[in-house]
Amino acid sequence: MSLRSQEFAARIEARLADGLARRPAPADLLYDVPASELVAVATVLRDEFSFELLIDIAGMDYSEYGSDQWRTTSATSSGFGRAVIRGGEGQPHTGPRFAAVYQLLSIANNERLSLRAFCPDDAEPALDTLTGVHAGANWFEREAFDLFGIVFNGHPDLRRILTDYGFIGHPFRKDFPLIGNVEVRYDETKKRVVYEPVSIVPRTLVPRVIRDDARYSPELAGKG
């Protein structure tokens, strides 16, 4: 991180000492913000530090953070896994399950900043809407609501935006089945689209891992 960015970060942290917690990152401004301070912090960042653009909002589900995706040998945990640390096992998440991550951009300062706010209640995850601070949050929050089930209190029109009418569940939650719950097809007899229980058989996809390759045998070294 450049000296200019470090000084800029120090100004932000001095101004919002009670509302932000810095997350370790070598070259990025990453902060955690309490859910109760989210709107106030976003307003200060917009008005006093020129973070006038909200680029994206991403929902997060930490219920399986740090756990391997496939149960094979240790080779899997370094290459195919959810939030695992390369060379070792990931650290399990012990805090709230759901969070929203906000990506902000300051054109005037040529800086990006990431805010993460955890939902206090796992059973009914909710955060205050940022539509009053950034109008562009409208559809982003609808997407996080649709896919993760995070409710944004005060949102002017919190409806699903990607899934079909009458869809049950939130497909980006870790406990939502990858095969889904229903399948859709056109019925020639009824001359309409019908919904039916999914017919796919659940199975675990284990990647092919080559553990022993004769080409790399020590006896063949230097003979290529």
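Since this is a predicted model, take the numbers as computed values, not measurements.

**Things to note about the pairing of strand 8 (residues 182-187)**
Then, in step 1: Taken together, the six bridges between strand 8 and strand 9 (residues 192-197) define a ladder with antiparallel strand orientation. Note that in strand 9 the partner of aspartate 187 across the bridge is arginine 192.
Then, in step 2: Between the end of strand 8 and the start of strand 9, which pair antiparallel, lie four residues, with lysine 191 showing a positive phi angle near 60 degrees.

**What to know about the pattern of salt bridges**
Then, in step 1: Here the structure, examined in full by the defined rule, presents 12 salt bridges.
Then, in step 2: Of the charged contacts, one joins aspartate 146 and arginine 160 as a salt bridge, the two residues approaching to 2.6 Å between their closest N and O atoms. On the criterion of sequence distance, the pair formed by aspartate 146 in helix 4 (residues 137-148) and arginine 160 in the loop between strand 7 (151-153) and strand 8 is long-range, its members being 14 residues apart.
Then, in step 3: Look at arginine 160 and you get partly exposed, because its relative accessible area is 24%.
Then, in step 4: Notably, a salt bridge pairs lysine 191 with glutamate 188, separated by 3.5 Å at the nearest N-O pair.
Then, in step 5: Judged by relative accessible area, lysine 191 falls into the exposed class, the value being 55%.
Then, in step 6: Where salt bridges share partners, they join Asp61, Arg97 and Asp175 into one cluster.

**A word on the packing of aromatic side chains**
Then, in step 1: Per the stated rule, a full pass over the model turns up six aromatic pairs.
Then, in step 2: Their ring planes at 40 degrees and their centres at 5.9 Å tell us that phenylalanine 8 and phenylalanine 51 sit as a pair that is tilted. In this pair, phenylalanine 8 sits in helix 1 (residues 3-15) while phenylalanine 51 sits in the loop between helix 2 (38-49) and strand 3 (53-61), placing the two residues 43 residues apart along the sequence.
Then, in step 3: For phenylalanine 8, a relative accessible area of 5% gives the class buried.
Then, in step 4: Overall, phenylalanine 51 belongs to the buried group, its relative accessible area being 0%.

**Observations regarding helix 1**
Then, in step 1: For helix 1, which comprises 13 residues, the first-to-last C-alpha distance of 19 Å matches the rise-based estimate of 18 Å (1.5 Å per residue) to within 8%.
Then, in step 2: Among all positions of helix 1, only Ser5, Phe8, Ala9 and Ile12 are buried. Buried residues along helix 1 cover an arc of 100 degrees about the axis, so they all sit on one side. In this structure, helix 1 carries Leu3 and Ala14 as exposed residues pointing more than 90 degrees from its buried face.

**Comments concerning the packing of helix 1 against helix 2**
Then, in step 1: Look at helix 1 against helix 2: their axes get within 11 Å of each other, and the N-to-C directions meet at 130 degrees. With respect to helix 2, the axis of helix 1 lies oblique. Handedness of the crossing formed by helix 1 with helix 2: right-handed. Taken together, the residues of helix 2 that come into contact with helix 1 (itself represented by Phe8, Arg11, Ile12 and Arg15) are Val44, Leu45, Glu48 and Phe49.

The rules behind these values
Residues numbered from 1 in each chain as written. Predicted model: local features only at pLDDT ≥ 70, side-chain atom pairs only at ≥ 80, totals over all residues. Heavy atoms only, no water. Pairing = 2+ DSSP bridges. Helix = DSSP H or I, 4+ residues; strand = E, 2+ residues; numbered from the N terminus. Salt bridge = Lys/Arg side-chain N within 4 Å of Asp/Glu carboxyl O. Buried < 20%, exposed > 50% of the residue type's maximum accessible area, 1.4 Å probe, protein only. Phe/Tyr/Trp six-rings, centres within 6.5 Å; stacked < 30°, edge-to-face > 60°. Expected span 1.5 Å × (residues − 1). Arc of directions from axis to C-beta. Axes fitted to C-alpha atoms, helices over the stretch in contact; angles between N-to-C directions. Parallel < 35°, antiparallel > 145°, perpendicular 65-115°, else oblique. Left-handed = near helix turned anticlockwise from the far one by under 90°. Contact = heavy atoms within 4.5 Å.

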